[in-house]
Amino acid sequence: VQLQASGGGLVQAGGSLRLSCAVSTPTFGSYVKGWFRQAPGKEREFVAAISQNGGTTVYADSVKGRFTISRDNAKNTLYLQMNSLKPEDTAVYYCAAYNTKTGLSPVEIMYDYWGQGTLVTVSS
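Along each chain, numbering runs from 1 in the same order as the chain's sequence is written. Local features in this predicted model are restricted to residues whose pLDDT is 70 or higher, and side-chain atom pairs enter the listing and the counts only when it is 80 or higher, whereas totals over whole chains, interfaces and linings include all residues. Water and hydrogen atoms were dropped before computing side-chain values, which therefore reflect all heavy atoms in the structure.

A. Molecular detail of the state of the cysteines. For the purposes of this analysis, a disulfide is any pair of cysteine sulfur atoms at a distance within 2.5 Å. Enumeration over the complete set of coordinates arrives at one disulfide. Through a disulfide, Cys21 is tied to Cys95; the S-S separation comes to 2.1 Å. An S-S torsion of about 70° defines the bridge between Cys21 and Cys95 as right-handed. Residue Cys21 is found in strand 3 (residues 17–24), and its partner Cys95 is found in strand 9 (residues 91–99); the two are separated by 74 residues along the sequence. Three exposure classes are used, based on accessible area relative to the maximum for each residue type with a 1.4 Å probe and protein chains only: buried under 20%, partly exposed in between, and exposed over 50%. Judged by relative accessible area, which is 0%, Cys21 ranks as buried. Each helix corresponds to a stretch of at least 4 residues labelled H or I by DSSP, and each strand to a stretch of at least 2 residues labelled E; elements are numbered beginning at the N terminus.

B. Spatial organisation of the sheet that holds strand 1 (residues 2–6). Overall, antiparallel pairing links the four strands, which are arranged 1-3-8-7 in an open sheet. Each edge of the sheet is formed by a strand with only one pairing partner; in this case those strands are strand 1 and strand 7 (67–72). Each neighbouring strand pair of the sheet contributes to a mean axis angle of 15°, computed without reference to strand direction. If DSSP finds at least two bridges between two strands, the strands pair. In terms of strand pairing, strand 1 meets strand 3 through five bridges, oriented antiparallel. Considered in strand 3, the bridge of Gln2 is made with Ser24. What counts as an axis is a line fitted to C-alpha atoms, over the stretch in contact for a helix, and the angles between N-to-C directions run from 0 to 180 degrees.

C. Molecular detail of the packing of aromatic side chains. The aromatic pairing rule takes the rings of Phe, Tyr and Trp, using the six-membered ring of Trp, and pairs them if the centres are within 6.5 Å, calling planes under 30 degrees apart stacked, those over 60 edge-to-face and the rest tilted. In the structure shown here, the tally under the stated rule is six aromatic pairs. Ring centres 5.6 Å apart and planes at 75° place the aromatic pair Phe36 and Phe46 in the edge-to-face group. Of this pair, Phe36 sits in strand 4 (residues 31–38) while Phe46 sits in strand 5 (residues 45–50), and the two are ten residues apart along the sequence. The two residues Phe36 and Phe46 agree in class, both being buried. Relative to Trp114, the ring of Phe36 has its centre 5.0 Å away and its plane inclined at 55°; by these criteria the two rings are tilted. Within this pair, whereas Phe36 is found in strand 4, its partner Trp114 is found in strand 10 (residues 113–114), the two being separated by 78 residues in sequence. Classification of Trp114 as partly exposed rests on a relative accessible area of 25%. Through pairs of rings, three or more aromatic residues link up here, namely Phe36, Phe46, Tyr98, Tyr111 and Trp114. Look at NZ for Lys and CZ for Arg. If either is within 6 Å of the ring centre and within 35 degrees of the ring normal, a charge sits over the ring. Between Lys33 and the ring centre of Phe28, over which it is positioned, the NZ or CZ distance is 4.2 Å.

D. Focus on the pattern of salt bridges. In the sections that follow, a salt bridge refers to a side-chain nitrogen of Lys or Arg positioned within 4 Å of a carboxyl oxygen of Asp or Glu. Per the counting criterion, the structure on display carries five salt bridges. A salt bridge links Arg66 to Asp89, with the shortest nitrogen-to-oxygen separation between them at 2.7 Å. Of this pair, Arg66 sits in the loop between strand 6 (57–59) and strand 7 while Asp89 sits in the loop between strand 8 (77–82) and strand 9, placing them 23 residues apart in sequence. Residue Arg66 shares its accessibility class with Asp89, and that shared class is buried. Residues participating in the shared-partner salt-bridge network are Arg37, Glu45, Arg66 and Asp89.

And the structure:
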């Protein structure tokens, strides 16, 4: 399984960006998929995740109400719509996935497959 994140860039505070993650697998719908981020000098942290069938999503408190995770099974693509961006959202954003028969998890160690990251910079 390979993941390729894109869509990062420079945006002013209050603006929006949409990240995409192309997932190369014939069984896209079998994977829990998520987004993590790592700000300069900080550890990587959970942002959002979506269940295999897309019916369940979870978000970090810091992005709840501003970010929306979604996926398009026909395009094998995961998205992260980011609105009302703040300077503290500046980070490298990573998409990730794992195959499970259990539930959705925000725990990084659960994720087996990772994309290369895309940089989001929010200016004040």
